[in-house]
Number of protein chains: 2
Amino acid sequence: MPPAVRVAKGLDDAIVGTSAITYVGGETGELVYRGYGIRELVPGLPYESMVHLLLEGTPPDRDPSPEVVRRLGAHRTVPEALGRTIDALPRDLAPMEALRTILSAIGDGSFGYPPSRDDGFRLIARTPLALARFVRRARGLDPVPLRSELSHAAHFLWSLTGELPAPEKIAALEGYLDLLADHGMNASTFALRVAISTQSDLVSAATAAFGTLKGPVHGGAPSRVADMLDAIGTPDRAEEWIAARLAEKQVLYGFGHRVYKTDDPRGLLLHRIARGVADPQRLRLAEEVERVALAALRAAKPGARLFTNVEFYSAVVLEAVGLPRTLFTPTFAVARTAGWAAHALEQATDNRLIRPEIEYTGPAAGLRWPRPVLRP
Amino acid sequence: MPPAVRVAKGLDDAIVGTSAITYVGGETGELVYRGYGIRELVPGLPYESMVHLLLEGTPPDRDPSPEVVRRLGAHRTVPEALGRTIDALPRDLAPMEALRTILSAIGDGSFGYPPSRDDGFRLIARTPLALARFVRRARGLDPVPLRSELSHAAHFLWSLTGELPAPEKIAALEGYLDLLADHGMNASTFALRVAISTQSDLVSAATAAFGTLKGPVHGGAPSRVADMLDAIGTPDRAEEWIAARLAEKQVLYGFGHRVYKTDDPRGLLLHRIARGVADPQRLRLAEEVERVALAALRAAKPGARLFTNVEFYSAVVLEAVGLPRTLFTPTFAVARTAGWAAHALEQATDNRLIRPEIEYTGPAAGLRWPRPVLRP
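Along each chain, residue indices are assigned from 1 in the same order as the chain's sequence is written. Numbering of ligands from 1 and lettering of chains from A proceed in the order in which they are written. Per-residue local features are limited, in this predicted model, to residues with pLDDT of at least 70; the limit for side-chain atom pairs, both in listing and counting, is 80 or more; totals at the level of whole chains, interfaces and linings are taken over all residues. Where side-chain values are given, they derive from all heavy atoms of the structure, hydrogens and water being excluded.

Novice: Explain the relation of the copies chain B and chain A here, please?
Specialist: Each of the two chain copies can be brought onto the other by rotation about an axis and movement along it. For the pair chain B and chain A, the best superposition has an RMSD of 0.0 Å and corresponds to a rotation of 180° with a translation of 0.0 Å parallel to the axis. Both copies are brought into coincidence by an operation consistent with a two-fold rotation axis. Closest approach to the rotation axis within chain B is made by the C-alpha atom of Ala208(B), at a distance of 1.8 Å. The atoms used to superpose the copies are C-alpha atoms, taken from residues with pLDDT of at least 70 in both, and the fit is least squares.

Novice: For this particular structure, what's the right way to read unusual backbone geometry?
Specialist: Backbone geometry follows two general trends: most residues other than glycine have a negative phi, and most peptide bonds adopt the trans configuration. The peptide bond linking Asp63(A) to Pro64(A) adopts the cis configuration, its omega dihedral lying at -10°. Note on conventions: DSSP H or I runs of at least 4 residues are helices, E runs of at least 2 residues are strands, and numbering of each starts at the N terminus. The topology assignment puts Pro64(A) in the loop between helix H2 (47-56) and helix H3 (66-74). At the junction of Tyr113(A) and Pro114(A), the peptide bond is cis and its omega measures out at -5° in the coordinates. Phi is positive for Arg34(B), which is not a glycine, with a value near 50°. Secondary-structure assignment places Arg34(B) in the loop between strand S4 (30-33) and strand S5 (36-37).

Novice: Help me understand helix H14 (residues 280-300) of chain A, please; the structure alone is not making it clear to me.
Specialist: Along an α-helix, a turn takes 3.6 residues, which lines up residues three or four apart on a common side. Residues and elements named next belong to chain A. When the terminal C-alpha atoms of H14 are compared, their 30 Å separation across 21 residues agrees well with the 30 Å that a helix rising 1.5 Å per residue should span. With a 1.4 Å probe rolled over the protein chains alone, any residue whose accessible area is under 20% of its type maximum counts as buried; one over 50% counts as exposed, and the rest are partly exposed. When we look at burial in H14, the residues that qualify are Arg282, Leu283, Leu285, Ala286, Val289, Glu290, Val292, Ala293, Leu294 and Leu297. The contact definition used throughout considers only heavy atoms, calling two residues in contact when any of these lie within 4.5 Å. Here the buried face of H14 lies against helix H11 (222-232), helix H12 (238-247), helix H13 (265-277) and helix H15 (310-321). Expected span of a helix: the number of residues minus one, times 1.5 Å.

Novice: How should I be thinking about helix H13 (residues 265-277) of chain B in this particular structure?
Specialist: Residues and elements named next belong to chain B. Compared with an ideal rise of 1.5 Å per residue, which puts 13 residues at 18 Å, H13 spans 19 Å between its outermost C-alpha atoms and is within 8% of the ideal. Within H13, burial applies to Pro265, Arg266, Gly267, Leu269, Leu270, His271, Ile273, Ala274 and Val277. Buried residues along H13 sit against S4, helix H1 (38-41), helix H8 (167-179), helix H14 (280-300), helix H15 (310-321) and helix H16 (328-349).

Novice: What is the right way to look at the packing of aromatic side chains in this model?
Specialist: Any two aromatic rings considered together are summarised by their centre-to-centre distance and by the angle between their planes. All names here are of chain A. Two aromatic rings, drawn from Phe, Tyr or Trp (for Trp, its six-membered ring), form a pair once their centres lie within 6.5 Å of each other, and the interplanar angle then sorts them: stacked below 30 degrees, edge-to-face above 60, tilted otherwise. In total, this model carries nine aromatic pairs over all chains according to the counting rule given. An aromatic cluster is built from Phe255, Phe312 and Tyr313, whose rings are joined through pairwise contacts. Positioned above the aromatic ring of Phe111, the side-chain terminus of Arg122 is 3.8 Å from the ring centre. Above the plane of the ring of Trp158 lies Arg147, whose end atom (NZ or CZ) is 4.6 Å from the centre. Two limits define a charge over a ring: the Lys NZ or Arg CZ must be within 6 Å of the ring centre, and within 35 degrees of the ring normal.

Novice: I would appreciate a short explanation of the packing of helix H9 (residues 187-197) of chain B against helix H10 (residues 202-213) of chain B in the present structure.
Specialist: A pair of packed helices is captured by two measures, namely the crossing angle of their axes and the spacing between those axes. All names here are of chain B. Where H9 contacts H10, the two axes come as close as 8 Å, and the packing angle between them is 150°. Considering their axes alone, H9 and H10 lie roughly antiparallel with respect to each other. Crossing handedness for the pair H9 and H10: right-handed. When H9 is examined against H10, the residues Ala187, Ser188, Ala191, Leu192, Ala195 and Ile196 are found in contact with a partner set consisting of Leu202, Ala205, Ala206, Ala208, Ala209, Thr212 and Leu213. Polarity classes work like this: nonpolar for Ala, Val, Leu, Ile, Met, Phe, Trp, Tyr, Cys and Pro, charged for Asp, Glu, Lys and Arg, and polar for all others, with Gly in that last group. Per-class residue counts for the contact of H9 with H10 are 11 nonpolar, two polar and no charged. Only C-alpha atoms enter the line fits that serve as axes; for helices the fit covers just the stretch in contact. Angles between N-to-C directions range over 0 to 180 degrees. Angles below 35 degrees are treated as roughly parallel, those above 145 as roughly antiparallel, those between 65 and 115 as roughly perpendicular, and all remaining angles as oblique. Note on convention: the crossing is left-handed when the near helix lies turned anticlockwise from the far helix by less than a right angle, right-handed when the turn is clockwise.

Novice: Honestly, the domain arrangement of chain A in this entry has me stumped. Any pointers?
Specialist: Size of an interface: often given as the accessible area lost when the parts come together. All names here are of chain A. Domains assigned within chain A are domain 1 (22-213 + 326-349) and domain 2 (222-321). One C-alpha centre belongs to domain 1, the other to domain 2; they are set 26 Å apart. Of the roughly 2100 Å² buried between domain 1 and domain 2, counting both surfaces, carbon and sulfur atoms make up 75%. By salt bridge we mean one thing: a side-chain nitrogen of Lys or Arg within 4 Å of a carboxyl oxygen of Asp or Glu. Our enumeration of links across domain 1 and domain 2 arrives at one salt bridge. As a salt-bridge pair, Arg305 and Glu27 come within 2.9 Å of each other at their nearest N and O atoms. Under this definition, polar contacts are N or O atom pairs within 3.5 Å; protein pairs additionally need one hydrogen-donor-capable and one acceptor-capable atom, and for neighbouring residues in sequence, both atoms have to be side-chain atoms. Along the contact surface separating domain 1 from domain 2 lie four residue pairs in polar contact (both at pLDDT 80 or more). Among the elements of the structure, strand S3 (22-25), strand S4 (30-33), helix H1 (38-41), helix H8 (167-179) and helix H16 (328-349) are those that each provide at least two residues to the side of domain 1 that touches domain 2. Among the elements that take part in the side of domain 1 that touches domain 2, H8 stands out by supplying seven residues, more than any other. Here the residues of the side of domain 1 that touches domain 2 sort into 12 nonpolar, eight polar and six charged. A domain assignment, automatic or from a database, supplies the domain bounds used here. The term buried area means the drop in 1.4 Å probe accessible area that two parts suffer when joined, counted for both and summed.

Novice: Just checking my understanding: could you explain the side chain of Thr337(B) for this structure?
Specialist: Residues and elements named next belong to chain B. Position of Thr337 among the secondary structure elements: in helix H16. The class of Thr337 is buried, set by a relative accessible area of 0%. Not counting residues up to four positions away in its chain, the partners in contact with Thr337 are Tyr47, Leu123, Ile124 and Thr127.

Novice: What am I meant to see in the nonpolar core here?
Specialist: Generally speaking, soluble globular proteins have nonpolar side chains that are buried together. To qualify as a nonpolar core, a set must consist of buried Ala, Val, Leu, Ile, Met, Phe, Trp, Tyr and Cys residues joined through side-chain atoms within 4.5 Å. Core analysis: the biggest nonpolar cluster contains 236 residues, and Leu173(A) and Leu173(B) have the highest contact counts within it. Those residues within four positions of Leu173(B) in sequence are excluded, and the remaining contacts are Ala153(B), Phe156(B), Leu157(B), Leu318(B), Val321(B), Leu323(B) and Thr331(B). Ranked by size, the runner-up nonpolar core spans 24 residues in total, among them Ala14(A), Ala191(A), Val16(B) and Met185(B).

Novice: Explanation requested: the sheet that holds strand S2 (residues 14-19) of chain B in the structure shown.
Specialist: In a beta sheet, neighbouring strands pair by backbone hydrogen bonds and run either parallel or antiparallel. Pairing between strands requires that DSSP locate at least two bridges from one strand to the other. Pairing is parallel across the open sheet formed by three strands, whose spatial order is S1(A)-S2(B)-S6(A). Because the sheet does not close on itself, it has two edges, and the strands there are strand S1 (5-6) and strand S6 (357-360) of chain A.

Novice: Looking at this structure, I do not really get the interface of chain B and chain A. What am I missing?
Specialist: With 108 residues of chain B at the contact, the number on the chain A side is 108 residues. Roughly 10000 Å² of surface becomes buried between chain B and chain A when both sides are summed, with 59% attributable to carbon and sulfur atoms. One can count 10 salt bridges joining chain B with chain A. Here Lys214(A) makes a salt bridge to Asp201(B), at a shortest N to O gap of 2.7 Å. A class-by-class count of the residues in the side of chain B that touches chain A yields 55 nonpolar, 27 polar and 26 charged.

Novice: I tried to follow the pattern of salt bridges on my own but got confused; where do I start?
Specialist: Note that side chains of opposite charge can pair when their charged atoms are close. Within the structure shown, the criterion is met by 51 salt bridges over all chains. Arg266(A) is the salt-bridge partner of Asp264(A), the closest N and O atoms lying 2.8 Å from each other. With respect to class, Asp264(A) is no different from Arg266(A); both count as buried. Asp63(B) is the salt-bridge partner of Arg371(A), the closest N and O atoms lying 2.6 Å from each other. You can see Arg371(A) sitting in the segment after S6 and its partner Asp63(B) sitting in the loop between helix H2 (47-56) and helix H3 (66-74), one on each of two chains. Assessed through its relative accessible area of 26%, Asp63(B) is described here as partly exposed. Overlapping salt bridges bring together Asp227(A), Asp230(A), Arg282(A), Glu319(A) and Arg325(A) as one network.

Listed below in structure tokens is the structure:
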């Protein structure tokens, strides 16, 4: 082993391995899944085909992937034991808080090491169903009957509401799920790979990933974009509101990204999707807020390469699809289960314990306890 | 940001930051908590004083730390909602599988960012209690009445069995908890720090850590040491059994460590503790297996610096304390909640999103989907 090198504490400057799943071009604004640029695929690619691409590495023979349709369908159930645990959770728990426990409870002792593709399908199929069961119960509603003929995206909405929205809303959610399905070595995926590196199982690793996604710096801000739009109210108030906010050194949600130093390609596509489904007034408000915020941010920090991030139009799209704000980040997690499964499979193919070094900066060894330690 | 450097995929050669909590001297066999060598503290230091040292950075005024006794005592409860979730889990779930969900369910929505010391005390106090409730229920038993006068170590055993073992057994468990309370930037603590780096909460981060600890390469092998001792049976069979095992290229559990290239100081102290509490016959078997295994491993790999690791005598001690094998790794997690709390507090004091780079090795961008993607 070569002598240790110090890397930035955010690991920004450390290349920690290789991955053949997703290329994130931070300078060029590219997002490439297994060689396919997302502009080639979204909107329009069924999520089942996206799952196929991420897990298998190649496109299916048909769209939606017949194999993934079949295998997700086989796991489109909430086993009784899982249902009991979900139903025991406090009804007033925030869905993000509940989903961590629900994800963990999907682990029934049968997820082992190495993770299998079928483990991945189970995780992807059950996460939205189990979440929907919790959400309905919190509203005092029974689970809906399962419908095997519905797509993954449509079934998620069905399982939440017992209704099917207009096809363009389902398609909008599908585009969102496709776009958020993976994103290289982001923090939650890194946590997942650290967990798999100890030969832990997929559910444990996905729960680790979820605990990481839960932080607002990673997954927790899209609902605050919607709150911000509400607070601004109308396009003519954007200028004043944003100036006041920046004067108070407050954060504007939906702007800036660790990796993208240009437009986030997901944001551009979500904007396009939003144009098709969002309430026109809400869309105009969002567009004006975006314009004013970018101008103000760039004026405040000349030279900083600040762009709209994925969260901004995620909020507009998820709202247009009919999801409540408390489900924005849980829906991000539902999308990302595909990427987590793909990364777990990849990590296990050439695994090694991830255990970095740290520099100890505490007191030098040799301090004496201030009184005798009682020897038993 | 300087240009990115490639680090080993196990991050063995990457120093990812600084920490004032624990120094692990892999070459010298040292383990130092906040300047205090563990030989100075163990056996004998009450776990409450160890928690104080790890979280506050300095020793308490008295042992056991009055403040920690009081604050752990205040959280020595299983809130009703948590109890309901625990009681809903399948009784036949392995405790390690259950504990992930239980840890997550400790999160009731009130753990925020930044983590507080009180969050840490809640986590440390409730984890063993909640685990014990599950374990008793799996055996068809009600929870025991809480006893505020008992130490953390004694209460853990009390809450599992409703009995108090001999004082030397409680002291042996206390020594184990002290020795396993923290260990620098191990994989689970790293996962916890990745989670906190997104401004996630302590329960989410501890659940991430636990999902990482669950892998046998990190936390999952002590029960297999006990299984190995059983399989060997008597000291005279050690030579033959180990030779056969190595001839089949099978792993011997309890030997070798990523960091220690000499005796693991925890193992030496656990061996000493074992001498005081283990059944003399079992201890002799363990000592003979250790002697034979080290000789055989070193003969098989001349030059490799292979030593007994912490798991070997952990198994002997935990068994002597009366814990079943299914609780060995959960008890490790119970001990480690102190270190997790300390690292979460430290990470939050100077936080930055941990998001490394990865080299994309998949197909170059520009592939065309084999058929038109249906635009909605």
